[in-house]
Amino acid sequence: QTISIPEKVRAGLDVSIRPNPVSERAQSVFDLPEAGPVQWALLDLYGREVRNGKTGILPAGGHNLELDFSGLPAGVYGFRLAAGGQFVWRKVVKR
């Protein structure tokens, strides 16, 4: 028996943070499988949002989002990106 997986599920969200560790600014580099709005947040170790934002409608394909870590203490943060009913979580270290 063959099970097919819809294209939307197979594609997923591909996200990386560069550089990591970061000092003041980083880029979130991501590919959207389909056009749509994107929401993002930086969270501290307690799960509190310390930065967040959203975009307008972005086309499918590759994108860069600048993340500002200035004013945040050194430590480990979570980066959450949500688009198309999916979300991705990445660990980011601030020096």
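Owing to the predicted nature of the structure, the values given are computational and were not obtained by experimental measurement.

Asks: So what's going on with unusual backbone geometry? Which residues, and what values?
Replies: The omega angle of the peptide bond from R18 to P19 is -10 degrees, so this bond is cis rather than trans. Take P19: it is sitting in the loop between β1 (14-18) and β2 (25-32). The step from N20 to P21 runs through a cis peptide bond, and the omega angle for that step is 15 degrees. Take P21: it is sitting in the loop between β1 and β2.

Asks: Before we move on, could you go through the environment of I57 and cite the residues and values that matter?
Replies: Mapping I57 onto the fold places it in the loop between β4 (49-54) and β5 (61-68). Overall, the relative accessible area of 64% leaves I57 in the exposed class. Dropping the residues within four chain positions of it, I57 is found in contact with G36 and P37.

Asks: Break down a nonpolar patch on the surface for me, citing the residues and quoting the values.
Replies: A cluster of nonpolar side chains, L45, Y46 and V76, forms an exposed patch at the surface whose accessible area comes to about 380 Å². Assignment of secondary structure puts Y46 in the loop between β3 (38-43) and β4.

Asks: Run through the packing of aromatic side chains, naming residues and quoting values.
Replies: Scanning the model with the defined rule gives two aromatic pairs in all. A ring pair is formed by F69 and Y77, whose centres lie 6.2 Å apart and whose planes are at 75 degrees; its orientation type is edge-to-face. Residue F69 is classed as buried on the basis of its relative accessible area, which comes to 0%. Given a relative accessible area of 7%, Y77 falls into the buried group.

Asks: So what's going on with the pairing of β1? Which residues, and what values?
Replies: Across the two faces of β1 the burial differs, with V15 and I17 buried and D14, S16 and R18 not buried at all. Counted along the chain from β1 to the antiparallel partner β2, the turn is six residues long.

Quick notes on the rules
- Residues numbered from 1 in each chain as written.
- Predicted model: local features only at pLDDT ≥ 70, side-chain atom pairs only at ≥ 80, totals over all residues.
- Heavy atoms only, no water.
- Helix = DSSP H or I, 4+ residues; strand = E, 2+ residues; numbered from the N terminus.
- Buried < 20%, exposed > 50% of the residue type's maximum accessible area, 1.4 Å probe, protein only.
- Contact = heavy atoms within 4.5 Å.
- Patch = residues over 30% accessible without salt bridge, like charges linked within 9 Å, V, L, I, M, F, W, Y side chains within 5 Å.
- Areas by Shrake-Rupley, 256 points an atom, 1.4 Å probe, with all protein chains shown as cover.
- Salt bridge = Lys/Arg side-chain N within 4 Å of Asp/Glu carboxyl O.
- Phe/Tyr/Trp six-rings, centres within 6.5 Å; stacked < 30°, edge-to-face > 60°.
- Pairing = 2+ DSSP bridges.

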